[in-house]
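# Inside the fold
If you want the building blocks of each chain, they are given just below.
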Amino acid sequence: MATQAGKGTALVTGASSGIGAVYADRLARRGYDLILVARDVERLNSLADRLKTETGRHVETIGADLTVKADVRRIEERLRADRGITMLVNNAGVGATASLIDSNVDELEKMIALNVTALTRLTAAVVPGLVERGNGIVINISSIVALSPETLNGTYSGTKAYVLNLTQSLHHEVGGKGVQLQAVLPGATSTAFWDRAGLAVEHLPQQIVMTAEDMVDAALAGLDHGELVTIPSLPDAADWERFNSARQQLQPNLSHKLPAARYTSGAATA
Ligand SMILES: NC(=O)c1ccc[n+]([C@@H]2O[C@H](COP(=O)([O-])OP(=O)(O)OC[C@H]3O[C@@H](n4cnc5c(N)ncnc54)[C@H](OP(=O)(O)O)[C@@H]3O)[C@@H](O)[C@H]2O)c1
């Protein structure tokens, strides 16, 4: 397959399976060289070998557990030092389906370390260089549960709401400086995620489950359209626009010197 030169290097976390592996495939075909990060180096290497053969791109793999501080620091250093990196795909993440009271809180803490802390540190490491060079892309994989705290596990939903907020905030901060931001909110996607989260994907109604290939292709189409927030399943993008503008309309009234009248009038009725 023909490839374009000069796109630079994309660093993709969680590229050993599922959505991250499809990003690696699609980005190599778009002409990016790759740095693939995950714990399972054997799987990363076999993907890298295939992509090198099929696309001719340069593909490097790095084994790292992004819940381990020293491993995150190693990737941060690479992101700061390597001026060839033009894209970061923060994809590595885990979910959970149990309720809070039925969850192991140590596992939830690990989820926060991966979904929130590592993502934040990697983003903070890459963005200053992208701003300095006036060019680059950060794709953050959130989830539709960012908008639906009643679905799955509340900590998982919270981590993905964090990813959405951080991306919107960063767009506000550096979007005008040549750095493109995108939060991707997949719905249920057919990957190993579900087994790892404690619910086999086969148990979901199949009409709500997308393939990872369709999800990533739609997300990349959204990126090409310049979308800040991409919800691959959502039929009408205007629904998201209305939701987001309702949020923005609250803004002028979210901070006032005095409490709202409903909290003060009638306060003397004891
Ligand atoms: N599948 C869905 O329905 C769905 C829906 C919405 C959002 N998402 C999000 O999509 C992203 C990708 O998930 P997926 O569906 O593709 O699931 P997946 O197939 O389980 O992939 C998760 C990836 O993250 C990596 N990973 C997990 N723990 C890690 C750690 N401690 N350090 C480094 N890498 C780690 C895994 O690699 P190793 O095990 O080799 O480390 C794997 O490559 C996640 O952020 C997830 O929250 C998924």
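Structure report, in brief.

The rules we used
Residues numbered from 1 in each chain as written. Predicted model: local features only at pLDDT ≥ 70, side-chain atom pairs only at ≥ 80, totals over all residues. Heavy atoms only, no water. Near = heavy atom within 4 Å. Polar contact = N/O pair within 3.5 Å; in protein donor to acceptor, adjacent residues only side chain to side chain. Areas by Shrake-Rupley, 256 points an atom, 1.4 Å probe, with all protein chains shown as cover. Helix = DSSP H or I, 4+ residues; strand = E, 2+ residues; numbered from the N terminus. Nonpolar A, V, L, I, M, F, W, Y, C, P; charged D, E, K, R; others polar. Salt bridge = Lys/Arg side-chain N within 4 Å of Asp/Glu carboxyl O. Buried < 20%, exposed > 50% of the residue type's maximum accessible area, 1.4 Å probe, protein only.

## Quick word on the site of the ligand
- Surrounding the ligand, one finds 31 residues, the nearest of these being Arg39, Asn91, Tyr156, Thr189 and Thr191.
- Within the contact set of the ligand, an oxygen atom lies 2.8 Å away from a backbone nitrogen or oxygen of Ile19.
- Between the ligand and Asn91 there is a distance of 2.7 Å, counted from an oxygen atom to a backbone nitrogen or oxygen.
- Coverage of the ligand by the protein chains reaches 97% of its 880 Å² of free accessible surface.
- For the shell around the ligand, the secondary-structure elements that each account for two or more residues are helix H1 (18-29), helix H5 (154-174) and helix H6 (193-197).
- Here the residues of the shell around the ligand sort into 14 nonpolar, 12 polar and five charged.

## Quick notes on the pattern of salt bridges
- Evaluated as defined, the whole model comprises 17 salt bridges.
- Across the pair Arg74 and Asp71 runs a salt bridge whose closest N-O atoms are separated by 3.4 Å. Taken as a pair, Arg74 and Asp71 lie in helix H3 (residues 69-81) at a separation of three residues, close to a single helical turn.
- For Arg74, a relative accessible area of 40% corresponds to the partly exposed category.
- What makes Asp71 buried here is its relative accessible area of 17%.
- With a shortest N-O distance of 2.7 Å, Glu76 and Arg121 are connected by a salt bridge. Here Arg121 lies in helix H4 (residues 105-133) and Glu76 lies in helix H3, a separation of 45 residues in the sequence.

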